Amino acid sequence: MLSRSIERGRPEAWSSVGGAAAARGRWQELSAGDAVVVELGNGRSVRGVVDALVEDASVLWVELDGGKGRRLFHWEDGVAIRPLS
């Protein structure tokens with residue numbers, strides 16, 4: 001059974017049941033100060049630095065590069081956030 005994630009345009013890796021929870025698990029590996037890439041799910045991506053995250057990693061604040069401001073992301077927003085290698 002597929003979850004609502006496909007309807008929201010989430011990356012295919014998140015499309016099965018439990019996928020969003022798995023994504024949140026990956027966010028738990030991030031820390032404030034980590035350089036990241038935010039994949040917005042519409043073919044665009046932006047880079048930034050994790051500014052803060054809540055204890056369960058369901059919400060992250062990312063300071064976007066290029067003076068684009070600070071943005072809040074929730075793990076159900078349909079974005080992938082991964083460390084910059």
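Since we're looking at a predicted model, the values are computed, not measured.

A. Structural view of the overall build of the protein. From N to C terminus, the protein includes one helix and five strands. Of the regular secondary structure in the protein, the N- to C-terminal order runs α-β-β-β-β-β. A burial count over the protein gives 33% of its 85 residues as buried. Long-range pairs, those at least 24 residues apart, make up 41% of the contacts in the protein with a sequence separation of at least 6. For the protein, the computed accessible surface area is about 5,200 Å², with 48% contributed by carbon and sulfur atoms.

B. Broad picture of unusual backbone geometry. A positive phi angle, close to 65°, is found at Ala57, a residue other than glycine. With respect to the secondary-structure elements, Ala57 resides in the loop between strand 2 (45–53) and strand 3 (59–64). Taking the relative accessible area as the measure of exposure, Ala57 reaches 1% and is therefore buried.

C. Broad picture of the pattern of salt bridges. Scanning the model with the defined rule gives two salt bridges in all. Put simply, Glu39 and Arg82 hold a salt bridge, and the shortest N to O gap is 2.7 Å. Taken together, the residues span a long stretch of sequence, with Glu39 in strand 1 (residues 35–39) and Arg82 in strand 5 (residues 80–83) at a distance of 43 residues. Given the relative accessible area of 26%, Glu39 is considered partly exposed.

Calculation rules
Within any chain, residue numbers begin from 1 and follow the written order of that chain's sequence. Local features are withheld for residues below a pLDDT of 70 in this predicted model, meaning they are given only at 70 or higher, and side-chain atom pairs are given and counted only at 80 or more; totals for whole chains, interfaces and linings count all residues. Only hydrogens and water are set aside when side-chain values are computed; all heavy atoms of the structure are taken into account. A helix here means a DSSP run of H or I that spans at least four residues, while a strand means a run of E at least two residues long, and both kinds are numbered starting from the N terminus. For each residue, the accessible area found with a 1.4 Å probe, counting protein chains only, is set against the maximum for its type, and the residue is called buried under 20%, exposed over 50%, and partly exposed in between. Residue contacts follow a heavy-atom distance rule, with two residues in contact if any of their heavy atoms lie within 4.5 Å. Surface accessibility follows the Shrake-Rupley procedure with a 1.4 Å probe radius. Residue values consider only the protein chains on display as shielding. Salt bridge, as used here, is a side-chain nitrogen of Lys or Arg placed within 4 Å of a carboxyl oxygen of Asp or Glu.

Worth remembering: the numbers are spatial, not functional.
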